[in-house]
Amino acid sequence: MAGSGQERARHWQYAELPGVDLLRARFVEKIFVRHTHENFVIAAISDGVEVFHHGGADQYAGPGALALVNPDTAHTGRAGVPEGWRYGAVYPSPGLVAEIAAETTTIRGTPGFVSPVLDDPYAAGLVHQVLRAAEEGNALAADTLLRVAVTRLLRLNGGSLPQRGVRTAGARVAARARAVLEERMAEPPTLERLAADLGASPFALLRAFRDTYGMPPHTWLTDARVRRARHLLDAGSAPAEAAVAVGFTDQPHLNRHFSRIVGVPPGAYQRERKNVQDVDGRPYVPSGVWQNRQLSQTYAVKKAAENPTRPSSGTPWESGSPSDCPVSPSE
């Protein structure tokens, strides 16, 4: 678990859930800069409020709500109340979500989430139980609960993502600029040189890039560098080596940007992901806190088990064994 004081986070993988990242975190002063994810973001808020800028406006997610972000969608993140926010998140790959959508929904085309915030304590409870199952090494429960959660969210808040229309001249220039930055990530050109090479003015390129990708080129480049650094760390590169390979000046430079986008420093990120079969069940907060929450939810769990047909609340947030979940994959 990375962090100290009031802020803690764990970013890891479970080998039996390929293509899915997992996160538990509590943040108070953390500010996530504008960034994107290759995978879907399904973040279930336990306590406090998270505010994230998405789609041109601030979105607010409190206890029992889920923050939902589609792949390659620019967004930020910060606390909405002084005490911060605590949450658990799963990051399923686009391929997995498409597979689940094809099997369990009527969505056609590329599936995604329509609204960035959904108030659904039941689905939030499922997300927390996926994390608990992964921590306990319960592969059957983790996979089942994840698929049930994604199915429910797609049925309640899913749709076909809009297809890109005919690109404008500005969008084509932006795409070419992005390709250049990807190729020259370690030694990128200046905005003036990049624009000149593409036959555009600097400010025209800047506007086109922001309109197309939701952020200016330099911000996109930092995000892309961190994303590539994650792949290098997953492949076994040392943080210092990854930093230089993607164009950061040194490891502290990578550390600063990595923490502002991923939520944990690269060293802690790599340590957790090397140990993908963590069966210690290390609690995110002192175990007594989890046990108190479990006891307070016992009655709600029993009632939900007696009537498993789409309860709207009173679900096991992080309670007991994942096998106690009162749902089946057909829900």
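These notes cover the structure that comes with them. (Residues numbered from 1 in each chain as written. Predicted model: local features only at pLDDT ≥ 70, side-chain atom pairs only at ≥ 80, totals over all residues. Heavy atoms only, no water.)

## Focus: the packing of helix 7 (residues 217-234) against helix 8 (residues 239-246)
Here is the rule: Here the axes come from fitting lines to C-alpha atoms, over the contacting stretch only for helices, and the angles between their N-to-C directions go from 0 to 180 degrees. Strands are runs of DSSP state E lasting at least two residues, helices are runs of H or I lasting at least four, and both sets are numbered from the N terminus onward. Throughout this description, any angle smaller than 35 degrees is read as roughly parallel, any larger than 145 degrees as roughly antiparallel, any in the 65 to 115 degree range as roughly perpendicular, and the remainder as oblique. Two helices cross in a left-handed way if the nearer one is turned anticlockwise from the farther one by less than a right angle. They cross in a right-handed way if the turn is clockwise. Note on contacts: a residue pair qualifies if any of its non-hydrogen atoms lie within 4.5 Å across the two residues. Each residue receives one of three labels: charged for Asp, Glu, Lys and Arg, nonpolar for Ala, Val, Leu, Ile, Met, Phe, Trp, Tyr, Cys and Pro, and polar for the others, Gly being one of them.
Two numbers describe how helix 7 lies on helix 8: the axes approach to 9 Å, and their chain directions differ by 140 degrees. The angle between helix 7 and helix 8 places the two elements in the oblique class. Crossing angle aside, the handedness with which helix 7 passes helix 8 is right-handed. Across from Arg225, Arg228, Ala229, Leu232 and Leu233 in helix 7, the residues of helix 8 making contact are Pro239, Ala242, Ala245 and Val246. Class assignment for the residues of the contact of helix 7 with helix 8 results in seven nonpolar, no polar and two charged.

## So, the environment of glycine 214
Note the following rule: Each residue is placed in one exposure class: buried if its accessible area under a 1.4 Å probe, protein chains only, is under 20% of its type's maximum, exposed if it is over 50%, and partly exposed if it falls in between.
With respect to the secondary-structure elements, glycine 214 resides in the loop between helix 6 (202-213) and helix 7. Judged by its relative accessible area of 29%, glycine 214 is partly exposed. Once the C-alpha coordinates of glycine 214 and threonine 36 are considered, the two residues, 178 residues apart in sequence, prove to be 9.6 Å apart. Residues contacting glycine 214, with those up to four places away along its chain left out, are Arg34, Ala74 and Phe209.

## Some words on the nonpolar core
Definition in use: By nonpolar core is meant a set of buried Ala, Val, Leu, Ile, Met, Phe, Trp, Tyr and Cys residues that side-chain atoms within 4.5 Å join together.
Core analysis: the largest hydrophobic core is formed by 49 residues, its most contacted members being Tyr87 and Trp220. If you tally residues by element for this core, the top one is helix 7, at six residues. With sequence-adjacent residues up to four places away left out, tryptophan 220 is seen in contact with Arg178, Leu181, Glu182, Phe209, Tyr213 and Met215. Formed by 36 residues, the second largest nonpolar core is a distinct cluster that contains Leu17, Leu22, Val130 and Leu131.

## Some details on the side chain of threonine 222
Tracing the backbone through its elements, the reader meets threonine 222 in helix 7. With relative accessibility at 19%, the residue threonine 222 sits in the buried group. Discounting chain neighbours no more than four positions away, the residues touching threonine 222 are Phe248, His257 and Ile261.

## A look at helix 3 (residues 139-157)
Selection criterion: In this scheme, a helix's expected span is set at 1.5 Å multiplied by one less than its residue total.
Along its 19 residues, helix 3 runs 27 Å from first to last C-alpha, staying within 8% of the 27 Å computed at 1.5 Å per residue. Considered for burial, the residues of helix 3 that qualify are Ala141, Ala142, Leu145, Leu146, Val148, Ala149, Val150, Thr151, Arg152, Leu153, Leu154 and Asn157.

## A few points about the pairing of strand 2 (residues 7-13)
Put simply, the rule is: Two strands are said to pair when DSSP picks up at least two bridges between them.
Most of strand 2 sits inside the fold, with five of its seven residues counted as buried. Here strand 2 runs beside strand 3 (residues 20-27); their pairing, made up of six bridges, is antiparallel. For arginine 8, the partnering residue across the bridge sits in strand 3 and is arginine 26.

## With respect to the pattern of salt bridges
Spelled out, the test is: Between Lys or Arg on one side and Asp or Glu on the other, a salt bridge is scored when a side-chain nitrogen of the former is within 4 Å of a carboxyl oxygen of the latter.
Enumeration according to the criterion identifies 15 salt bridges in this entry. One salt bridge in this structure joins aspartate 21 and arginine 230, with 2.6 Å as the shortest N-O distance. Separated by 209 residues along the polypeptide, aspartate 21 in strand 3 and arginine 230 in helix 7 bring together distant segments of the chain. Classification of aspartate 21 as buried rests on a relative accessible area of 9%. On the accessibility criterion, arginine 230 (17% relative accessible area) is buried. Arginine 86 serves as the salt-bridge partner of aspartate 47, at 2.5 Å between the closest nitrogen and oxygen. On the criterion of sequence distance, the pair formed by aspartate 47 in strand 5 (residues 41-48) and arginine 86 in strand 10 (residues 85-92) is long-range, its members being 39 residues apart. Aspartate 47 sits in the partly exposed class, given a relative accessible area of 29%. Among the residues examined, arginine 86 registers a relative accessible area of 10% and is labelled buried.

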